Amino acid sequence: TDEAEVPLEEPRRLSRDQVFTLISTASINFSSMICYSILGPFFPQEAVKKGVSNTIIGLIFGCFALFNFLTSLILGKYLVQIGTKFMFVAGMFISGSATIIFGPPPR
């Protein structure tokens, strides 16, 4: 067993643009999840004050995860046709818009 004959491959490094894209994508995903997780501490209490049952509160949180799962399956199938850049930008725009719309307190 002569190991000197096996050439070692040089590990491929990410380019500067790829590193920037990776960091940007990770930070946007992290920020998006922060917006969702911030609801946990106060939303159930506010919903109960408005007469919403615990079952409905659980369904609200569960629907978010279910919707993410189902849309990722459906849109993932068409990712090549739609394009990754457009899909990412459109998804972040829709997510950001929904977060802003959810933010103002009711009158």
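Just so it is clear, the structure is predicted and the values come from calculations on it, not from any experiment.

Novice: Kindly report on the overall build of the protein chain, identifying the contributing residues and their values.
Specialist: When helices and strands are tallied, the protein chain shows five helices and zero strands. Counting helices and strands in the order they occur from the N terminus, the protein chain gives α-α-α-α-α. What you see for the protein chain is a C-alpha radius of gyration of 21 Å, clearly larger than the 13 Å of a compact globule of 107 residues, by over 25%. Each of the three principal axes of the protein chain carries a C-alpha extent, and together these read 75 × 35 × 25 Å. Of all 107 residues assigned to the protein chain, the portion counted as buried reaches 6%. With an accessible surface of roughly 9,700 Å², the protein chain has 69% of that area assigned to carbon and sulfur atoms. Between the centroid of the 8 positive side chains of the protein chain and the centroid of its 7 negative side chains there is a distance of 29 Å.

Novice: How would you summarise the pattern of salt bridges if you had to cite specific residues and measurements?
Specialist: Evaluation of the coordinates by the stated rule reveals one salt bridge. Put simply, Lys49 and Glu46 hold a salt bridge, and the shortest N to O gap is 3.3 Å. Highlighted residues: Lys49 and Glu46, both in helix H2 (residues 39–49), separated by three residues, approximately one helical turn. With a relative accessible area of 65%, Lys49 lands in the exposed category.

Novice: Mind laying out the packing of H2 against helix H3 (residues 54–77), listing which residues take part and the relevant values?
Specialist: At their nearest, the axes of H2 and H3 sit 10 Å apart, and the two run at 140° to each other. Judged by the twist between their axes, the crossing of H2 over H3 is right-handed. Contacts from Leu39, Gly40, Phe43, Pro44, Ala47 and Val48 of H2 reach H3 at Asn54, Ile57, Ile60 and Phe61. Here the residues of the contact of H2 with H3 sort into eight nonpolar, two polar and no charged.

Novice: So what's going on with the confidence of the model for the protein chain? Which residues, and what values?
Specialist: Averaged over the protein chain, the pLDDT score is 85; the fraction of residues at 70 or greater is 93%. Within the protein chain, the element-level pLDDT minimum falls on helix H5 (residues 84–102), averaging 85, and the maximum on helix H4 (residues 79–82), averaging 90.

Novice: Could you give an account of the environment of Ala65, naming the residues involved and the relevant values?
Specialist: Tracing the backbone shows Ala65 in helix H3. Here Ala65 falls in the partly exposed class, since its relative accessible area comes to 45%. Each C-alpha atom, one on Ala65 and one on Thr21, is 25 Å from the other, the two residues being 44 residues apart in sequence.

Here is what the cut-offs are and how they apply
- Residues numbered from 1 in each chain as written.
- Predicted model: local features only at pLDDT ≥ 70, side-chain atom pairs only at ≥ 80, totals over all residues.
- Heavy atoms only, no water.
- Helix = DSSP H or I, 4+ residues; strand = E, 2+ residues; numbered from the N terminus.
- Rg over C-alpha atoms; globule rule 2.2 N^0.38 Å.
- Buried < 20%, exposed > 50% of the residue type's maximum accessible area, 1.4 Å probe, protein only.
- Areas by Shrake-Rupley, 256 points an atom, 1.4 Å probe, with all protein chains shown as cover.
- Lys, Arg positive; Asp, Glu negative; His and termini not counted.
- Charge placed at Lys NZ, Arg CZ, Asp CG, Glu CD.
- Salt bridge = Lys/Arg side-chain N within 4 Å of Asp/Glu carboxyl O.
- Axes fitted to C-alpha atoms, helices over the stretch in contact; angles between N-to-C directions.
- Left-handed = near helix turned anticlockwise from the far one by under 90°.
- Contact = heavy atoms within 4.5 Å.
- Nonpolar A, V, L, I, M, F, W, Y, C, P; charged D, E, K, R; others polar.
- pLDDT = per-residue confidence, 0-100.

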